[in-house]
Amino acid sequence: MTNPGDPGAVARRYVEAIGEQDWQTAADCWRPGAVDVFVGVADLRAPEEIVAFFRDVHAAIPDLAVDILSVTAQDDRAVVHWRMRGRFDGTARLIGLAPNGRRLDLLGTDVFVVRDGLIESNTAIVNGLDLARQLAVLPAQHSIAERVLFGLANSIAPLGKAIRTRNRPGR
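Quick look at the structure, then.

Reading the values: rules and limits
- Residues numbered from 1 in each chain as written.
- Predicted model: local features only at pLDDT ≥ 70, side-chain atom pairs only at ≥ 80, totals over all residues.
- Heavy atoms only, no water.
- Helix = DSSP H or I, 4+ residues; strand = E, 2+ residues; numbered from the N terminus.
- Buried < 20%, exposed > 50% of the residue type's maximum accessible area, 1.4 Å probe, protein only.
- Areas by Shrake-Rupley, 256 points an atom, 1.4 Å probe, with all protein chains shown as cover.
- Expected span 1.5 Å × (residues − 1).
- Bend = angle between axes of the 7 residues up to and from the residue.
- Pairing = 2+ DSSP bridges.
- Axes fitted to C-alpha atoms, helices over the stretch in contact; angles between N-to-C directions.
- Phe/Tyr/Trp six-rings, centres within 6.5 Å; stacked < 30°, edge-to-face > 60°.
- 1 Å grid on protein atoms, 1.4 Å probe; cavity = no way out; pocket = protein on both sides within 12 Å on 5 of 7 lines; lining within 4 Å.
- Points joined across faces, edges and corners; volume = space filled by probe spheres on them.
- Nonpolar A, V, L, I, M, F, W, Y, C, P; charged D, E, K, R; others polar.
- Core = buried A, V, L, I, M, F, W, Y, C linked by side-chain atoms within 4.5 Å.
- Contact = heavy atoms within 4.5 Å.

Here we come to the overall build of the chain. What the chain contains, in helices and strands, is five helices and six strands. Viewed in the frame of its principal axes, the chain has a C-alpha envelope of about 60 × 45 × 25 Å. Counting across all 171 residues of the chain, residues that qualify as buried make up 33%. Counting only carbon and sulfur atoms, one obtains 54% of the accessible surface of the chain, whose full area is about 10,100 Å².

And the structure:
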């Protein structure tokens, strides 16, 4: 039998609760005031801001499915590798973007610190470049549009480098 205070069990329970929209269980997994860092997206305080964030994610992606691919735990840490899938056709924005009907299929990893059966911190990591491509903010990988965009960025890079070099202190 798994110890419900075990970091792996707590992390699994939390991620499952997010998928099931069980907001009370999700909130109960956190030490109040703890921080959930979504790298490059937001730093959220537990439990209210975290629950509000995921309510919005589910409103943006009504058919969101959350699958746990693996859970690894050692000492007070647990790492959950997950996959989230669904269609971005709901009623809420996702990271500031209006729903556009695109299908999302994201892999991510959360690194939890769990003490006395409660999450003390989490660092959630998802490939932002892949997310931007799936949301149609950036062009598809290896597409003509991507080559044009990268070509433009590469064409102005020497100018930016020259300006930064010129403006360095001591020059």
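Still more ground to cover, so stick around.
With that out of the way, let us pick up helix α5 (residues 144–166). With 23 residues, α5 should reach 33 Å at 1.5 Å per residue; the first-to-last C-alpha distance of 34 Å fits that figure. Along α5, the helix axis deviates most sharply at A157, where the bend reaches about 35 degrees; the proline P158 sits within four residues downstream.

Turning our eyes to something else, we now look at the sheet that holds strand β6 (residues 118–126). The strand order across the open sheet built from six strands is β2-β1-β6-β5-β4-β3, with neighbouring strands paired in mixed fashion. The open sheet is flanked by β2 (42–45) and β3 (65–74), the only strands paired with a single partner. The mean inter-strand angle of the sheet, taken between neighbouring strand axes irrespective of direction, is 15 degrees. Sheet analysis places strand β5 (residues 103–115) next to β6, joined by eight bridges and oriented antiparallel. If you follow G108 over to β6, its bridge partner there is V126.

On to helix α1 (residues 7–20). Counted at 1.5 Å a residue, the expected span for α1 with its 14 residues is 20 Å, and the 20 Å between its end C-alpha atoms agrees. Turning to α1, its buried residues are P7, G8, A9, V10, A11, Y14, V15, A17 and I18. Positive backbone phi, at 60 degrees, marks Q21, one or two positions downstream of α1.

Along the chain, A46 connects to P47 via a cis peptide bond; the corresponding omega equals -10 degrees. Structurally, the position occupied by P47 is in the loop between β2 and α3 (48–60). You will see that D116, though not glycine, has its phi angle at about 55 degrees, which is positive.

Enumeration over the complete set of coordinates arrives at five aromatic pairs. For the ring pair F38 and F54, a centre distance of 5.6 Å and an interplane angle of 55 degrees mean the geometry is tilted. Residue F38 is found in strand β1 (residues 30–38), and its partner F54 is found in helix α3; the two are separated by 16 residues along the sequence. The same class applies to F38 and to F54, which are both buried. Measuring from ring centre to ring centre gives 5.2 Å for F53 and F54, while their planes differ by 90 degrees; the resulting arrangement is edge-to-face.

Empty space among the atoms becomes apparent when a probe as large as a water molecule is rolled across them. The tally for this structure, following the rule as stated, stands at one cavity of 30 Å³ or more. In this structure, the largest cavity encloses a volume near 390 Å³. Around the largest cavity, the lining is made up of 26 residues, and of these F38, F53, F54, W82 and M84 lie nearest the centre. For the lining of the largest cavity, the secondary structure elements donating two or more residues are α1, β1, α3, β4 (77–87), β5 and β6. Considered class by class, the residues forming the lining of the largest cavity number 21 nonpolar, two polar and three charged.

Once that is clear, we can look at the nonpolar core. Counting residues in hydrophobic clusters, the biggest one holds 38 residues, and the most contacted among them are Y14, W30, F54, I61, L94, F112 and I119. Contributions of two or more residues to this core are made by α1, α2 (23–28), β1, α3, β4, β5 and β6. Per-element accounting of this core gives the leading share, six residues, to α1. The residues touching L94, leaving out its near neighbours within four places in the chain, are V57, A60, I61, F88, L104 and L135.

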